[in-house]
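Listed below, chain by chain, are the residues.
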Amino acid sequence: MLNAPEVAVVIQDAQGIAHVRSNSNDVGSGIVNLAPEASRAEAFLGKSLYGDCTTFNGAIGEVLVYSRPVSDEELLQIESYLQGKWMCCEK
């Protein structure tokens, strides 16, 4: 639904494949190259300095970033926590 809250999840595995989920449902996957490691003065979410990229036109309630892979069980717990916290997005 347009303008409906959503719990969106992207997890990149060790092979570089990004798995996308929406409200606890698999949406798709594909290879995503990570940006090279570098010191940055700025980081953007929903915006890019690339000329052809459009900005995100919406609201983001929360962003979680982990420095390690999460297990399938942890992923379900994270999604459940976010769905409860934001009172939305049931399967």
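Whatever comes next refers back to the structure up there.
Computed from a predicted model, the values in this text were never measured in an experiment.

Each value, and the rule that gives it
- Residues numbered from 1 in each chain as written.
- Predicted model: local features only at pLDDT ≥ 70, side-chain atom pairs only at ≥ 80, totals over all residues.
- Heavy atoms only, no water.
- Pairing = 2+ DSSP bridges.
- Helix = DSSP H or I, 4+ residues; strand = E, 2+ residues; numbered from the N terminus.
- Axes fitted to C-alpha atoms, helices over the stretch in contact; angles between N-to-C directions.
- Buried < 20%, exposed > 50% of the residue type's maximum accessible area, 1.4 Å probe, protein only.
- Polar contact = N/O pair within 3.5 Å; in protein donor to acceptor, adjacent residues only side chain to side chain.
- Contact = heavy atoms within 4.5 Å.

### Examining the sheet that holds strand β1 (residues 8-12)
- Spatially, the three strands line up as an open sheet ordered β1-β2-β3, and their pairing is antiparallel. Every other strand in the sheet has two partners, leaving β1 and β3 (25-31) as the edge strands with one partner each. Taken pair by pair, the neighbouring strands of this sheet meet at an average axis angle of 20 degrees, ignoring direction.
- With six bridges connecting them, strand β2 (residues 17-22) and β3 associate as antiparallel partners. Looking across to β3, one finds that valine 20 is bridged to glycine 28.

### Considerations on the side chain of arginine 21
- For arginine 21, the location among the structural elements is in strand β2.
- Classification of arginine 21 by relative accessible area gives buried; the value is 11%.
- There is a polar contact of 3.1 Å between the side chain of arginine 21 and the backbone oxygen of serine 24.
- There is a polar contact of 3.2 Å between the side chain of arginine 21 and the side chain of aspartate 26.
- Residues within four places of arginine 21 in sequence aside, it is in contact with Val7, Ala8, Val9, Asp26, Val27, Leu75, Leu76 and Glu79.

Keep in mind these values describe shape, not function.
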